[in-house]
Structure formats: C-alpha cells, structure tokens
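This is what each chain is made of:
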Amino acid sequence: MEYKGYIINEDGKSIKVTNIKDFNPVHTFECGQCFRWRRQKDGSYTGVVREKVVNLRFYDGILEISNTNLDEFKDIWFDYFDLGRDYTDIKQKIMKDEVMEKAIAFGSGIRLLKQDLWEMIVSFIFSANNRIPMIMKTIEAVCRKYGNKIEYDGNTYFTFPSIDALSATDVQELEVCRGGFRCKYVVETARKIASGEVDIKELNNLSADKAGEVLMKLPGVGPKVSDCILLYSGTKYEVFPTDVWVKRVMQELYFKREASIREIRKFAQEYFGELAGFAQQYLFYYARENGIGAG
DNA sequence: TTGCAGGGGTCAA
DNA sequence: TTGACCCCTGCA
C-alpha cells in the first residue's frame, strides 16, 4: 500500500514504512522535544501517544511501528513524525554557515514531532528551571495518577491526563508528583483552559507573536516555554526557544560575547526566518550533547 | 557523611 | 532588573 510517497506494509500487529529519509530515533527522541519516549535495551523506543502505546525501530530506511496499523498511520503517525515535510530541503536552507553545518551533521536525523498541544503546555511548564530526568519523572507520575491505564506487551502504561482531570485536582494532590512550585501553575493553567478563559484552539489562526501572547496568559508560561509549546506542537515553526543551552551556543559560536536572550531570539528570527525553530533544534542538540559553553 | 550550589524559567517586587 | 522557588544530583 502506498500513502503520500511511502510504501507501507501491515501485518495486523505492526506496520513497516519504507523510504523514510532524514530520520534517526536517537536524534529525534533525545533532542529535548519530548519526554515520554523510552529507549529499550534493544535500541528500539517505546512511547505513549494519545491513547496508544507503540514500539518503534528504524533500520535501512524502514520505520517499523509495532502495535498499530495503516489507519493509525494515516490518522496519527504521518503527522506526528512530520513525514510530509522534506527535511533535506529544510537543512539546506538553514545551513547558512559552518556552525549550522556542524550542528546539522551532528543531529541529521532530528524531526520535529507534532505533539499534543495540551500535553506540551503541561510538560513545558514542568520544564522551567528543571532538568530533563526530573521532568520525565514528574510527567510520568502525573500520567500514572491522572491518566488512563493501557496494557501493552506485559507492561502498564498511562495516557496523558485530560484538561478536565488536571483542572479538577488541587495543588496539594498534584504535588505528590514532585513537580514542586510548578504544580500550582499547572492546576491554574488547566482551569483557565477548561473554563474557556484562555482559548488554545485558536492558536493556529493567529500569528506566532499573537499565539505566544495567548499562551503567556497562562501561569508558568513565559517566552521560552511559550516558544517550546508552539514549536513542539507543530503550531508555529518560526519561533526560537532560547534556553540556557541555546544562549550559550549562540554566544560562543555567533556573538563571541555575552548577549541577552531577547537579542538572541531577535537575531535568530531574522537570520533563519520562518525556519528558526528547526535551526534551534539542531543547535540545542549539538550544544547539549557536546557541552558547548558548559565549561 | 553533611552541606551547598545550581538547573531546558517564571513570577513578583 | 533581581531574587525566590520545589526537588534532586553532583561534588566538595
């Protein structure tokens, strides 16, 4: 069966998608954009997306996804893995200098996942002033406590909780998930969205700046978290989330001096234009994995 | 063993 | 513009 240029075989348990380019699961799942994909001993990745648990492996240009089928490929995975986008072309366009050449070579298999907007809002509120392993633990605990149970391959997994589930809880209860001072932001945010005070369905129709303004009405969401939410939900690609790592790599490799977050964002958005978000992801992964600016 | 700094920012003063 | 902030890890 062919679907939008990909040849897909399904056997009732899994699908194999051939002709996948510009994809490497390590680059994609370890580049800081997602928190719920876990590397298995055999090198495959298992993750929860929407109501599904799947296991994924990649070899010889073949993307094999277990516990799914062709209908779900069309409905979920094609968009989720951004398979309609030509990353070869994107990379060429943002490879403007030697820095980007190195960063892109290093993370050549990064794809920006189109993840659930609500899940990104909560996840990146938890990310503020926090470390990745800790963020993952907290999110997992939140799913365990407030999500729905899914059984797969002898293990129990949990879906990401609904807006209603988190708006109905109270801060003290959420705090057992070890989210610290961010818990009050998450509960308040859930309530503002549930009540309709902040409308997150309209973000697609707004400019990136306006969409950011809407998101920043939510407690715990500032410029950086807002950019992450927009980028990793596939809502806007011209944003340039500037955290401490991106700040460091930009200072060291572009500015050659101290520069403010504001200045860096502005520069990047002018330099990379509508593809700034992609550039950020290669730069972030390159900086963090190589400890650029850390010493 | 204990103690302390600091982290993929945001908020409030 | 600057400190506090939950919790945890790394390192004296």
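Scroll up a little and you will see the structure.
One structure accompanies this document, and this report is about it. Numbers given for residues are sequential positions, taken from 1 along each chain in its written order. Chain letters and ligand numbers both follow the written order, the letters beginning at A and the numbers at 1. Per-residue local features of the predicted model are confined to residues with pLDDT of at least 70, and side-chain atom pairs are confined, for both listing and counting, to 80 or more; whole-chain, interface and lining totals are unaffected and use all residues. As a convention, hydrogens and water are excluded, and side-chain values are obtained from all of the structure's heavy atoms.

Moving on to the packing of aromatic side chains. Here a Phe, Tyr or Trp ring, Trp counted by its six-membered ring, pairs with any other such ring whose centre lies within 6.5 Å, and the pair is stacked when the planes are under 30 degrees apart, edge-to-face when over 60, and tilted otherwise. Throughout the structure, instances matching the rule amount to 28 aromatic pairs. Ring centres of F29 and W37 lie 4.4 Å apart, and the angle between their planes is 20 degrees; this geometry places the pair in the stacked category. Relative accessible area serves as the criterion here: at 5%, F29 is assigned to the buried category. Ring centres of F124 and Y232 lie 5.3 Å apart, and the angle between their planes is 35 degrees; on these two criteria the pair is classed as tilted. Placement of F124 in helix α5 (residues 117–126) and of Y232 in helix α11 (residues 223–232) is noted, with a sequence separation of 108 residues between them. Of the two residues examined, F124 and Y232, each falls in the buried class. Counting every residue linked through ring pairs, the aromatic cluster contains F23, F29, W37, Y45, F58, W77, Y80 and F81. Consider the ring centre and the ring normal. A charge sits over the ring if Lys NZ or Arg CZ is within 6 Å of that centre and within 35 degrees of that normal. Between R85 and the ring centre of Y237, over which it is positioned, the NZ or CZ distance is 4.4 Å. Lying over the aromatic face of Y271, K96 brings its terminal NZ or CZ to 5.1 Å of the ring centre. A 1.4 Å probe rolled over the protein chains alone gives each residue an accessible area, and that area as a share of the maximum for its type sets the label: buried under 20%, exposed over 50%, partly exposed in between. We count a stretch as a helix when DSSP gives it H or I for four or more residues in a row; a strand needs E for two or more, and each element gets its number in order from the N terminus.

Let us now look at the protein's contact with DNA strand B. Residue proximity to a molecule or strand is established when one non-hydrogen atom of the residue lies within 4 Å of it. Not every one of the 22 residues close to DNA strand B is listed here, only the nearest: G32, I132, G220, G222 and V225. A breakdown of the atoms of DNA strand B within 4 Å of the protein gives sugar and phosphate a share of 57%. Side-chain polar atom of W245 to a phosphate oxygen of DNA strand B: 3.5 Å apart, as the coordinates give it. Those elements giving two or more residues to the surface near DNA strand B turn out to be α11 and α12 (244–255). Considering each element in turn, the surface near DNA strand B owes the most residues, four residues, to α11. Per-class residue counts for the surface near DNA strand B are 13 nonpolar, six polar and three charged. We define a polar contact as two N or O atoms separated by no more than 3.5 Å, with the added condition that, inside protein, one atom must be a possible hydrogen donor and the other a possible acceptor, whereas residues neighbouring each other in sequence contribute only through side-chain atom pairs. Any residue that is not Ala, Val, Leu, Ile, Met, Phe, Trp, Tyr, Cys, Pro, Asp, Glu, Lys or Arg is counted as polar, Gly included; the first ten are nonpolar and the last four charged.

So, about the side chain of D82. Examined against the element boundaries, D82 turns out to sit in the loop between α2 (70–80) and α3 (87–94). Whether two residues touch is decided by their heavy atoms; if any such pair falls within 4.5 Å, the residues are in contact. Apart from the residues within four sequence positions on either side, D82 is in contact with Y87, R111, L112, K114 and Y237.

Locating R111 in the fold gives a position in the loop between α4 (98–106) and α5. Charged residues are defined here as Lys and Arg on the positive side and Asp and Glu on the negative side; His and the ends of the chain fall outside this count. Here, a salt bridge means any side-chain nitrogen of Lys or Arg that lies within 4 Å of a carboxyl oxygen of Asp or Glu. D22 provides the closest opposite charge to the buried, salt-bridge-free R111, at an N-O distance of 4.9 Å. Among the polar contacts made by the side chain of R111, one reaches the main-chain carbonyl oxygen of D22 at a distance of 3.2 Å. If sequence neighbours within four positions are ignored, R111 has contacts with K21, D22, F23, T28, Q33, F81, D82, L83, R85 and Y87.

Next up on the list: the protein's contact with DNA strand C. Surveying the vicinity of DNA strand C reveals the residues N129, M134, K137, R178, G180, F181, R182 and K184. Counting only atoms of DNA strand C within 4 Å of the protein, the sugar-phosphate share comes to 67%. For DNA strand C, a base nitrogen lies 3.3 Å from a polar atom in the side chain of N129. Counting only elements with at least two residues in the surface near DNA strand C, the list comes to α6 (132–146) and α9 (182–194). Tallied by class, residues from the surface near DNA strand C come to two nonpolar, two polar and four charged.

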